[in-house]
Amino acid sequence: MQKNDVIELEITDMSVGGEGIGKFGGMTFFVKDALIGDVIRARVLKLKKSYGYGRLEEILQPSETRVEPPCPLHRRCGGCQIQAMAPEAQLMFKAQKVRGNLIRLGGFAADFIAEIMEPIVGMEEPYRYRNKAQFPIGTDKEGNPVAGFYAARTHSIIPVEDCLLGVEENRSVLAAVLAYMREHHVSAYDETTGKGLMRHVLIRYGFSTGELMVCLIINGKKLPAEECLVERLSAIRGMKSITVNVNQEKTNVILGKETMCIWGEPYITDCIHLLECGDGHFTRTDTSVKFWISPQSFYQVNPVQTEKLYSLALEYAGLTGNETVWDLYCGIGTISLFLAKRAGKVYGVEVVEQAVADARRNAALNGITNAEFFVGKAEEVLPRFYADTVTVKNEGTMGESNCPTKMRRESGRQAAQDMAHPDVIVVDPPRKGCDRACLDTMIKMQPERIVYVSCDSATLARDLRVLVDGGYELRRARAVDQFGQTVHVETIVLIQKKNS
Ligand code: SAH
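Residues numbered from 1 in each chain as written. Predicted model: local features only at pLDDT ≥ 70, side-chain atom pairs only at ≥ 80, totals over all residues. Heavy atoms only, no water.

Our next topic: the pairing of strand β10 (residues 198–205). The buried fraction of β10 is high, at eight of eight residues. When strand β7 (residues 132–139) meets β10, the two strands line up antiparallel, connected through five bridges. Bridging from a neighbouring strand, Ala133 pairs with Ile203 of β10. Here β10 folds back onto strand β11 (residues 212–218), and the loop between the two strands holds six residues, one of which, Gly210, carries a positive phi near 75°. (Buried < 20%, exposed > 50% of the residue type's maximum accessible area, 1.4 Å probe, protein only. Helix = DSSP H or I, 4+ residues; strand = E, 2+ residues; numbered from the N terminus. Pairing = 2+ DSSP bridges.)

Structure follows, in structure tokens:
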């Protein structure tokens, strides 16, 4: 067998990245866009010793899970890896991925996982769910400005007027920007030369408020005939914020450091509602948290599923109103502020300083006074705090220098002890999971419950093993689909102190 051979494959499995897996001549082949149950013809792209990669050439017999993908560009774009799979099959794939990781990488028994795992939470509307879109701007062969997406694994732009994961408002915004560029001969940025002005258009939409934000990222200081662009954009329904971000670096990073508001407010507002989690159903409650979102803010991209995920986090946390809770990797305080509604005191830790500033501002916006935020790495802030507090307890000198009255000292000492031994710790780390030093300190702190929200069930499984070996028990686990059409999935688990 050699490269470019065409082989027939029956797809019998799928990789965690969504590639179809089939065997041929004792070798394992990975084929993008092929689904479990398909019989296909594939062209061999790459050969290794025992495995290879193929390109889907023809579907000889389609899988039962195969549907007509609504986006004609789904194979070229690379954003949606499993759009050709029926929604229920996508959910099964994702639930299986989480289950498989917990068993294989976490070392949990399959029976035990089957017993504790709750049904995956799907999306009612698996399209048009993203509240944020970033379109690169380029030039087509005729020299006209185009907006679109980078083709999978490349930096060439496929022109797209609409992405089915994004909101419909994106279309009007792009049309306005491109019309303005044509009218005023505004150049598009060219990555290879580093020349040209318009780099990206960033759009954010508040699902619960209908507020729209546009940020134009430019390779320069100012847009020509800015007022003409503002006139077009501000006429779009819901427009609340138009900003310009300066990025003159030759880099893949989209946003530069400086942002100027050229119309409206520098932020939009969105609300996240707390849901009641009945058996299988989520019902909206009157409790909600408001957020100010600026172009730079980190904010969950699927607000509808985020409400479900965070409401589950709150349920798993089992709060009654008096608890002391840490929220590690807290971002702009999304989970922390939710927790604060039901806890005595919440302490958030986040490494990005701007996010912590946003978290504090969001707390104030909601009149929440029982949440405090610390800047730093969870694996540094937590161990340092714990070591300091434990030493202080032993020596009895807590806060001598900065607590002038005995009463302050007493209450400060009590608060520090509560922080060192909280009731609940919530973690929501990035894909790489928690650092070992962070996990070890969590175990030392002996919280009653740990709620782990994860966007990568492989690192989740690894970390759970450490916590379980440290005296905790896995009690509940549930996958929540936040990213329909893609292979990604969030998972939430509850871990409890053994014998409690
Ligand atoms: N819980 C938040 C954010 C989750 S994303 C929300 O739901 O909105 C993960 C967050 O962890 C990001 O904000 C990232 O900046 C932060 N982060 C990454 N590494 C970190 C570390 N070592 N310590 C603390 N925060 C970290």
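Right, let's talk about the packing of helix α11 (residues 436–445) against helix α12 (residues 457–469) for a bit. Helix packing for two helices is described by the angle between their axes and how far apart those axes are. At their nearest, the axes of α11 and α12 sit 10 Å apart, and the two run at 35° to each other. Regarding α11 and α12, the two cross each other, and that crossing is right-handed. Between α11 and α12, the residues in contact are Arg436, Leu439, Asp440, Met442 and Ile443 and Asp463, Val466 and Leu467, respectively. Residue composition of the contact of α11 with α12, by class: five nonpolar, no polar and three charged. (Axes fitted to C-alpha atoms, helices over the stretch in contact; angles between N-to-C directions. Left-handed = near helix turned anticlockwise from the far one by under 90°. Contact = heavy atoms within 4.5 Å. Nonpolar A, V, L, I, M, F, W, Y, C, P; charged D, E, K, R; others polar.)

Right, let's talk about the pattern of salt bridges for a bit. Enumeration over the complete set of coordinates arrives at 25 salt bridges. For Arg361, the salt bridge goes to Asp358, with nearest N and O atoms at 3.5 Å. Of this pair, Arg361 and Asp358 both sit in helix α8 (residues 353–365), three residues apart, which is roughly one turn of the helix. Overall, Asp358 belongs to the buried group, its relative accessible area being 2%. Across the pair Arg436 and Asp440 runs a salt bridge, and its minimum N-O distance is 3.1 Å. Here Arg436 and its partner Asp440 are both found in helix α11, four residues apart, which amounts to about one turn of the helix. Bridged by salt links that share partners, the residues Glu118, Glu315, Arg476 and Arg478 form one connected network. (Salt bridge = Lys/Arg side-chain N within 4 Å of Asp/Glu carboxyl O.)

To continue, consider the packing of helix α2 (residues 87–104) against α12. Put simply, α2 and α12 touch, their axes get as near as 8 Å, and they point 30° apart. When the axes of α2 and α12 are compared, the pair comes out roughly parallel. The hand of the α2/α12 crossing is right-handed. Residue-level contacts link Lys97, Val98, Asn101 and Leu102 of α2 to Ser457, Ala458, Leu460, Ala461 and Leu464 of α12. Within the contact of α2 with α12, the residues separate by chemical class into six nonpolar, two polar and one charged. (Parallel < 35°, antiparallel > 145°, perpendicular 65-115°, else oblique.)

The subject of this paragraph is unusual backbone geometry. Of note, His185 is a non-glycine position whose phi angle comes to about 50°, a positive value. By secondary structure assignment, the location of His185 is in the loop between α4 (169–183) and β10. Overall, the relative accessible area of 73% leaves His185 in the exposed class. A positive phi is found at Gln485, a non-glycine position, where the angle reads about 80°. Looking at where Gln485 falls in the secondary structure, it is placed in the loop between β21 (472–480) and β22 (490–497).

Let's shift gears to the state of the cysteines. Throughout the structure, instances matching the rule amount to zero disulfides. A disulfide-free cysteine, Cys163 has its sulfur positioned 6.2 Å from the sulfur of Cys80, the nearest such atom. The exposure class assigned to Cys163 is partly exposed, which follows from its relative accessible area of 21%. (Disulfide = S-S within 2.5 Å.)

Attention now goes to the sheet that holds β11. Taken in spatial order, the seven strands make up an open sheet running β9-β8-β7-β10-β11-β12-β13, and their pairing is mixed. Of all strands in the sheet, those bounded by a partner on one side alone are β9 (157–159) and β13 (258–264). Strand-to-strand twist of the sheet, defined as the mean angle between neighbouring strand axes without regard to direction, takes the value 35°. Packing of α4 onto the sheet brings it into contact with β7, β8 (145–150), β10, β11 and β12 (239–246), and relative to β10 it is tilted by some 150°. Relative to the sheet, helix α5 (residues 226–234) contacts β11, β12 and β13, its axis offset from that of β12 by approximately 145°.

Taken in spatial order, the eight strands of this open sheet run β6-β21-β22-β20-β19-β16-β17-β18, and their pairing is mixed. What marks the edges here is a single partner per strand, and that holds for β6 (117–121) and β18 (371–375). Neighbouring strand axes in the sheet, compared pairwise and without regard to direction, differ in orientation by 15° on average.

Taken together, 17 residues lie around the ligand, and Gln300, Tyr310, Thr334, Glu350 and Ala378 are the ones closest in. In the model, an oxygen atom of the ligand is placed 2.7 Å from a nitrogen or oxygen of the Glu350 side chain. Measuring from a nitrogen atom of the ligand, one finds a side-chain N or O atom of Glu379 at 3.0 Å. Starting from 580 Å² of accessible surface for the ligand in isolation, the protein chains cover 88%. Elements represented by at least two residues in the shell around the ligand include exactly α7 (334–340) and α9 (378–395). For the shell around the ligand, the per-class residue count stands at nine nonpolar, four polar and four charged. (Near = heavy atom within 4 Å. Polar contact = N/O pair within 3.5 Å; in protein donor to acceptor, adjacent residues only side chain to side chain. Areas by Shrake-Rupley, 256 points an atom, 1.4 Å probe, with all protein chains shown as cover.)

Applying the stated rule across the entire model yields 13 aromatic pairs. Taken together through their ring pairs, the aromatic side chains of Trp326, Tyr347, Phe374 and Phe385 make up a single cluster. When the ring centre of Tyr189 is taken as reference, the NZ or CZ atom of Arg199 above it lies at 4.1 Å. When the ring centre of Phe108 is taken as origin, the NZ or CZ atom of Arg465, which lies over that ring, is 4.8 Å away. (Phe/Tyr/Trp six-rings, centres within 6.5 Å; stacked < 30°, edge-to-face > 60°. Lys NZ or Arg CZ within 6 Å of the ring centre and 35° of its normal.)

For the rest of this paragraph, the subject is the confidence of the model for the protein chain. Looking at the protein chain, the pLDDT average stands at 93 and 95% of residues meet or exceed 70. pLDDT under 50 marks residues 396–409. Its contacts with residues more than four places away, or in other chains, come to eleven contacts. (pLDDT = per-residue confidence, 0-100.)

What follows deals with the environment of His273. Looking at the secondary structure, you find His273 in strand β14 (residues 268–277). His273 sits 30 residues away from Pro303 along the chain, and the two C-alpha atoms are 9.6 Å apart. Setting aside anything within four residues of it in sequence, one finds His273 in contact with Arg284, Thr285, Thr287, Ser288, Glu307, Ser311 and Phe338. At 3.5 Å, the side chain of His273 and the side chain of Arg284 are in polar contact.

Once the domains are mapped, the protein chain shows domain 1 (6–66), domain 2 (132–266) and domain 3 (271–283 + 296–497). Taking only C-alpha atoms into account, the centre of domain 1 sits 42 Å from that of domain 3. (Domains from an automatic or database assignment.)

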